[in-house]
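# Reading the structure
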Amino acid sequence: MMCTWDTSKFLIFSDNGIPLIYYSHLTSIAIFFLLFVITFLPLRPWPKAAFRTMMLVYITWLFGDLVLWGNENINHILFFWSVVNLVEPLIFVASYIHFVSFSEKRHITMREFITFAVLLFPTLIMSFTRLSVTGFDYTNCDRNVIEGVAAYYNYFLEAVFTGLLAIAAFKQWHIRRLHNQGTGRVLLVGASLILLLLSFLAANFLGTYFEAYNISQLGHIAVPIFAALLVYVTVKFETFEPRVLIADVSTGTLLILIFSLFFIRDANTQIYIISGTFLLAVIFAYFLVSGIRKEVDTRQHIQTLATDLSKANNRLVELDKQKSEFVSFATHQLKSPLAAMRGYASLILDGDYGEISTAAREPLSRIFESTKTLANVVEGYLNISRIELGTMKYDFTPHDIRAMVSDVIAELEPNTKKAGINLSFEVNKEDDFIVQADPDKLKQVFANLIDNSVKYTPTGSVNVSVTKKQDPTKGTLVLFSVKDTGIGMSEKTIESLFHKFTRAYNANKTNIHGTGLGLFVAKEIVEAHKGHVWAESEGEGKGSQFYVELPSVK
Amino acid sequence: MNSAVPQKLWYIVFIAYGFVIVLSALRIYVNRDYPIYMNVNEIPSTREVFLEWVKDFHL
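Attention in this report is confined to the structure presented alongside it. If you're wondering where the values come from, they're calculated on a predicted model, not measured in any experiment. Going along each chain's sequence as written, the residues are numbered from 1 onward. Chain labels run from A onward and ligand labels from 1 onward, assigned in the order the entries are written. Two thresholds apply to this predicted model, a pLDDT of at least 70 for residue-level local features and 80 or more for giving and counting side-chain atom pairs, whereas whole-chain, interface and lining totals are computed over all residues. Excluded from the side-chain calculations are hydrogens and water; all other atoms, namely the structure's heavy atoms, are used.

### A word on the overall build of chain A
Counting its secondary structure elements, chain A contains 14 helices and nine strands. Taking all 554 residues of chain A together, 46% fall into the buried category. Sequence-distant contacts, at least 24 apart, represent 71% of the contacts inside chain A between residues at least 6 apart. As presented, chain A carries roughly 29,000 Å² of accessible surface, and 61% of it is formed by carbon and sulfur atoms. Put simply, DSSP marks the helices as runs of H or I at least four residues long and the strands as runs of E at least two long, and each gets a number from the N terminus on. When a residue's accessible area, from a 1.4 Å probe over protein chains only, is under 20% of the maximum for its type it is buried; when over 50% it is exposed; and in between it is partly exposed. The contact criterion used is simple: two residues touch if any of their non-hydrogen atoms lie within 4.5 Å. Working definition of accessibility: Shrake-Rupley area with a 1.4 Å probe, residue cover restricted to the visible protein chains.

### Re the overall build of chain B
When you go through chain B residue by residue, the secondary structure sums to two helices and one strand. Buried residues in chain B amount to 20% of all 59 residues. Just so you have it, chain B exposes about 4,500 Å², and 65% of that area is on carbon and sulfur atoms.

### Concerning the packing of helix α4 (residues 110-126) of chain A against helix α1 (residues 7-31) of chain B
Angular values range over 0 to 180 degrees, each being the angle between N-to-C directions of two axes fitted as lines to C-alpha atoms, with helices fitted over their stretch in contact. The interhelical angle for the contact between α4(A) and α1(B), taken along N-to-C directions, is 5°, at an axis separation of 12 Å. Classed by the angle they form, the pair α4(A) and α1(B) counts as roughly parallel. Facing M110(A), F113(A), L120(A), T123(A) and L124(A) of α4(A), the residues of α1(B) in contact are L9(B), W10(B), V13(B), A16(B), Y17(B) and V20(B). Each residue receives one of three labels: charged for Asp, Glu, Lys and Arg, nonpolar for Ala, Val, Leu, Ile, Met, Phe, Trp, Tyr, Cys and Pro, and polar for the others, Gly being one of them. In terms of residue class, the contact of α4(A) with α1(B) is made up of ten nonpolar, one polar and no charged. Here is the rule for angles: anything less than 35 degrees is roughly parallel, anything more than 145 is roughly antiparallel, 65 through 115 is roughly perpendicular, and the remaining ranges are oblique.

### Here we look at the interface of chain A and chain B
Each partner contributes to the interface: chain A provides 36 residues, whereas chain B provides 35 residues. When two parts are put together, the accessible area they lose, computed with a 1.4 Å probe and summed over both, is reported as buried area. Between chain A and chain B, a total of about 3,500 Å² is buried, with carbon and sulfur atoms accounting for 75% of that surface. Every case where a carboxyl oxygen of Asp or Glu lies within 4 Å of a side-chain nitrogen of Lys or Arg is listed as a salt bridge. For the pair chain A and chain B, the interface holds one salt bridge. In this structure, the salt-bridge partner of R130(A) is E52(B), at a minimum N-O distance of 3.9 Å.

### What about the environment of K372(A)?
Residue and element names in this part refer to chain A. Relative to the assigned elements, K372 resides in helix α10 (residues 358-389). Given a relative accessible area of 27%, K372 falls into the partly exposed group. Along the chain, K372 and L338 lie 34 residues apart, while their C-alpha atoms are 8.4 Å from each other. Setting aside anything within four residues of it in sequence, one finds K372 in contact with R342 and N415.

### Focus on the sheet that holds strand β2 (residues 144-147) of chain A
What holds strands together in a sheet is hydrogen bonding between their backbones, with the strands either parallel or antiparallel. Strands were regarded as paired on the criterion that DSSP finds at least two bridges between them. As summarised here, the arrangement of the three strands in space is β2(A)-β1(A)-β1(B), forming an open sheet in which the pairing is mixed. Only two strands of the sheet have a single partner each, and these edge strands are β2 of chain A together with β1 (36-37) of chain B. Here strand β1 (residues 133-137) of chain A pairs with β1(B) via two bridges, running parallel. Each bridged residue has a counterpart across the sheet, and for F136(A) the counterpart in β1(B) is I36(B).

### Looking at the sheet that holds strand β7 (residues 475-484) of chain A
Residues and elements named next belong to chain A. One open sheet accounts for five strands, arranged β4-β6-β7-β9-β8; its pairing is mixed. Of all the strands in the sheet, the pair left with one neighbour each is β4 (422-427) and β8 (532-537). Taken pair by pair, the neighbouring strands of this sheet meet at an average axis angle of 20°, ignoring direction. Relative to strand β6 (residues 461-471), β4 runs parallel, the two sharing six bridges. Counted as the bridge partner of V427 is V466 from β6.

Right under this line is the structure:
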């Protein structure tokens, strides 16, 4: 019997198959090849091995399928049928591995490998037997391979792997939801892969069961679109923004469809493809234009808000300055009467105005102590307003830290003895510890740090030391430290300790006096000396250490 | 069982697939023993082919 089949060129090009086959298959091969090349570009790291395998297997499958459509040689058709049947399940396996390596950031385990190997082994065994290729149907000049059990086994495998992928995607989505992690990327990668596989299955199913080969090619066109979406989501996963995603994917799809017009070999088919592409272009254009309009509106709105915010900010700066000036003024006004109250209370207590009764001594002592505390508070506020207004004046001259610390300790010693705290001072008397300093300001810092340690140490000791250390970048440094066995601090407290109006969480347990300004002022003063102040503690109840590091002039 | 798959096993998989493709080609181009049916009535059903294969264990 003479059958008039066209002789194919390059195994695939002939008039034997439907014209649309070149449109769908060659477009897909071109896109998959492009995606395969993309995996070698130096983009951000993403799991590539399984994806590359998926692309190569898909290209092999598409080429094999083209041979089945276009070739007239029985041997070629039989061979490529075996190959297509052999590699088809691998697309599904590679998809699963890609999903696992992307979403769970792991390679497949031996257990999974063995499961896949057991499932795929029959396809390997069957592919060169009559269970894969039963024979060749040449009746009525048909060119069909008679498929055997292997083809049905493949359908079963494909359903199993798609199911496994769906389960893995659901599991990941559920886990991320429980842990309040973003589910968008996992959903998109999972959905792209499942849609990719379903399009592939649908394309084969429609063609085989309804002989609707033209419609089934749409499935093959959808596959690379989903693959491109998959690459996009995988590569751009850290800068994921849904609106940008929609715009990019719409443009990408449109480009793919326009590009695919190169592969149409039949003028009659062209009109359908162009109509479809045009319709999609209209829909995409609508979304893109409306998206851009929204974007422009939002930008204008943000611009207006930014202008308003800038005005409000300027006003706030002005108000803040006025507040600082007011605080400065008010505290200055408080200072003089306070000094008078403190002075007279001291004179009365010392007996300068005659003998006072024992009953009156106690309230007078309290008045004296309270005015002292109040004077400290007022001084703190004054310092803050000076810092904020930028009017804090420094007079830097070379000074020995050891002398300053000794003075401070001598001033604080009576109080520490009264409180039963052992205050010690360690310093190398042979060495100098000269720094460029404003002595009054720096003494204020040391007094504040030592006084703090004493106040927050109900029992135990406070150890003060001054040493020198070498720093590779900063040179010679003078290090002042205060270590106590007091109430200690948590890491959270340390982080905010040098902020304005911040006191240790457990500070009230030991001491009710404190404004939360001392350490803020200390930090400002030390930084003005080009130094660094910080605190350390192993935790609450484990003592604290405060350090001041200043550049040495020698 | 939860350990990673050694690289060697992947090579074995690729080699196995390549080997099977070569076997398929040999059977088609060298043996040429696949039946070509010119008459619809001669074409056996999938079930018949499967049962025959099981019976003969004919590869």
